[in-house]
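Commentary on secondary and tertiary structure
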Amino acid sequence: MLLPLFAYFIRDWRMLLLALTVPGVLCAVLWWFIPESPRWLISQGRFKEAEAIIRKAARFNGIAVPSTIFDPTETQDLSSQKQQSHSILDLLRTQNIRMVTVMSIILWMTISVGYFGLSLDTPNLHGDIYVNCFLSGVVEVPAYTVAWVLLQYLPRRYSMATALFLGGSVLLFLQLVPPDLYYLTTVLVMVGKFGITAAFSMIYVYTAELYPTVVRNMGVGVSSTASRLGSILSPYFVYLGAYDRFLPYILMGSLTILTAILTLFLPESFNIPLPDTIDQMLRVKGIKYRQSPTHTRVLKDEEESPTILKSTAF
């Protein structure tokens, strides 16, 4: 929302970039305030650091903490084990994690194309470009609010699919709007931006829940990189409007609806403990897997003797 306000008063593009980016330097201070992930510290055998962070979070939230958070015998056993190192190649190690990685890359790239494509196409709408850009930013506020509510109370797959179906179907409907109803066109574009923005905000949480702790950071990082590729491609979708005004909307709407269908094949992570290892990952739907002896043994051991390290919730 600040972009049109800054752009209205700062017409030189170099000074505009400085005004928008220099405040971001202040984010470097957050390095000393944001704690490390306790689950990651546990996976690395750094139990004392994880316990200190958990106790601090509990005090901040007014939650009574038990005297013993981690069983000393279990932490001793885990500490004695050699910590396995992981690389980006682990995102392709098993059939299941390969499918999750490929589907996540497609999801992030397609959603990014729709999000940035609609944002860059704002000046082509009828009316004042500053007002349209402001409306494009304002519509994200309710989108983030609705996404937060959906993440709190409803399953991830259906929430994301609904948001994507809404955004995609509205974009496809634009070609049916009469040319003289340009205000209706602007409203429908904003509704499409609403749906895609809501999905974009939810995919961060959903992707993090799909990947296990040992490769979660790499999984989200690779998906986010695919999103940057989508943002690079998005201007070319907008340029297609020189051949046909509605061609960018048809392409973005079609891709968004196909992405919504693809989302339904991902596993559901709502109210399910986060996986710590690759073997504990949820399964992609519609694919048959060979049950390896190692995976069968891991599942059996977890059912017989669940550990308190499986969840950091109180």
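Let us look at the structure shown here.

1. Here we look at the overall build of the protein
- Summing up its helical and strand segments, the protein has 13 helices and 0 strands in all.
- Along the protein, helices (α) and strands (β) appear in the sequence α-α-α-α-α-α-α-α-α-α-α-α-α when read from the amino end.
- A separation of at least 24 residues holds for 76% of the contacts in the protein among residues at least 6 apart in sequence.

2. A short note on unusual backbone geometry
- The phi angle at N271 is positive, at roughly 60 degrees, despite the residue not being glycine.
- According to the relative accessible area criterion, N271 is exposed, its value standing at 67%.

3. Concerning the nonpolar core
- Counting residues in hydrophobic clusters, the biggest one holds 46 residues, and the most contacted among them are I111, M202 and Y249.
- Where this core is concerned, the elements lending two or more residues are α6 (95–120), α8 (140–153), α9 (156–173), α10 (182–210), α11 (216–239) and α12 (247–263).
- Take this core: its biggest share by element is 11 residues, from α10.
- Leaving out residues up to four positions away in the same chain, M202 has contacts with A147, L150, L151, S159, M160 and A163.

4. Digging into the side chain of T207
- As for its position among the elements, T207 is in helix α10.
- Accessibility expressed as a relative area gives 3% for T207, which makes it buried.
- Within the structure, T207 has its side chain in polar contact with the side chain of W108 (distance 2.9 Å).
- Every residue in contact with T207, bar those within four places of it in the chain, is listed here: S104, W108, V220 and S223.

5. Some remarks on the environment of L172
- Examined against the element boundaries, L172 turns out to sit in helix α9.
- With near-sequence residues (within four places) excluded, L172 lies in contact with Y249, I250, G253, S254 and I257.

6. Focus on the environment of C133
- Along the chain, C133 turns up in helix α7 (residues 129–138).
- Under the relative-accessibility criterion, C133 is labelled partly exposed at 24%.
- As for C133 and S119, which are separated by 14 residues in sequence, their C-alpha atoms are 7.7 Å apart.
- If we skip the residues at most four places from it in the chain, C133 touches L3, P4 and T122.

7. Describing the packing of helix α1 (residues 2–9) against α7
- Contact geometry of α1 with α7 gives a least axis separation of 7 Å together with a crossing angle of 155 degrees. As the angle between them shows, α1 and α7 are arranged roughly antiparallel. Residues L3, P4, A7 and Y8 of α1 form the contact with α7, whose participating residues are Y130, C133 and F134.
- The residue makeup of the contact of α1 with α7, split by class, is 7 nonpolar, no polar and no charged.

8. Details of the side chain of D90
- For D90, the location among the structural elements is in the loop between α5 (72–80) and α6.
- For D90, the side chain forms a polar contact with the side chain of R93, separated by 2.8 Å.
- Among all residues touching D90, those that are not within four sequence positions of it are S85, I97, V215 and I278.

9. A short note on α8
- For α8, spanning 14 residues, the distance from its first C-alpha to its last is 20 Å, which sits close to the expected 20 Å at 1.5 Å a residue.
- Along α8, the residues classified as buried are E140, A143, A147, L150 and L151. Taken down its axis, α8 places every buried residue within 95 degrees of arc, on the same side. With respect to the buried face of α8, the exposed residues turned more than 90 degrees away are W148 and Y153.

10. Looking at a nonpolar patch on the surface
- A grouping of Y158, F165, L255, L258, I261, L264 and F265 is seen on the molecular surface, where their side chains present a nonpolar patch of about 610 Å² in accessible area.
- Listing elements by their share of the nonpolar patch, those giving two or more residues are α9 and α12.
- Tallying contributions element by element places α12 first for the nonpolar patch, with 3 residues.
- For L258, the position within the fold is in helix α12.
- Judged by its relative accessible area of 55%, L258 is exposed.

11. Structural notes on the packing of aromatic side chains
- For the structure on display, the rule yields 9 aromatic pairs.
- Here Y115 and F200 contribute two aromatic rings whose centre-to-centre distance is 5.3 Å and whose plane-to-plane angle is 75 degrees, an arrangement assigned as edge-to-face. Of the two residues, Y115 is situated in helix α6 and F200 in helix α10; the sequence distance between them amounts to 85 residues. Here the two residues Y115 and F200 agree in accessibility, since each one is buried.
- Between F200 and Y204, the aromatic rings sit 5.9 Å apart at their centres with planes inclined by 20 degrees, giving stacked as the arrangement. Here the residue F200 and the residue Y204 both occupy positions in helix α10, the gap between them amounting to 4 residues, near one helical turn.
- We classify Y204 as partly exposed; its relative accessible area is 38%.

How each quantity is defined
Residues numbered from 1 in each chain as written. Predicted model: local features only at pLDDT ≥ 70, side-chain atom pairs only at ≥ 80, totals over all residues. Heavy atoms only, no water. Helix = DSSP H or I, 4+ residues; strand = E, 2+ residues; numbered from the N terminus. Contact = heavy atoms within 4.5 Å. Buried < 20%, exposed > 50% of the residue type's maximum accessible area, 1.4 Å probe, protein only. Core = buried A, V, L, I, M, F, W, Y, C linked by side-chain atoms within 4.5 Å. Polar contact = N/O pair within 3.5 Å; in protein donor to acceptor, adjacent residues only side chain to side chain. Axes fitted to C-alpha atoms, helices over the stretch in contact; angles between N-to-C directions. Parallel < 35°, antiparallel > 145°, perpendicular 65-115°, else oblique. Nonpolar A, V, L, I, M, F, W, Y, C, P; charged D, E, K, R; others polar. Expected span 1.5 Å × (residues − 1). Arc of directions from axis to C-beta. Patch = residues over 30% accessible without salt bridge, like charges linked within 9 Å, V, L, I, M, F, W, Y side chains within 5 Å. Areas by Shrake-Rupley, 256 points an atom, 1.4 Å probe, with all protein chains shown as cover. Salt bridge = Lys/Arg side-chain N within 4 Å of Asp/Glu carboxyl O. Phe/Tyr/Trp six-rings, centres within 6.5 Å; stacked < 30°, edge-to-face > 60°.

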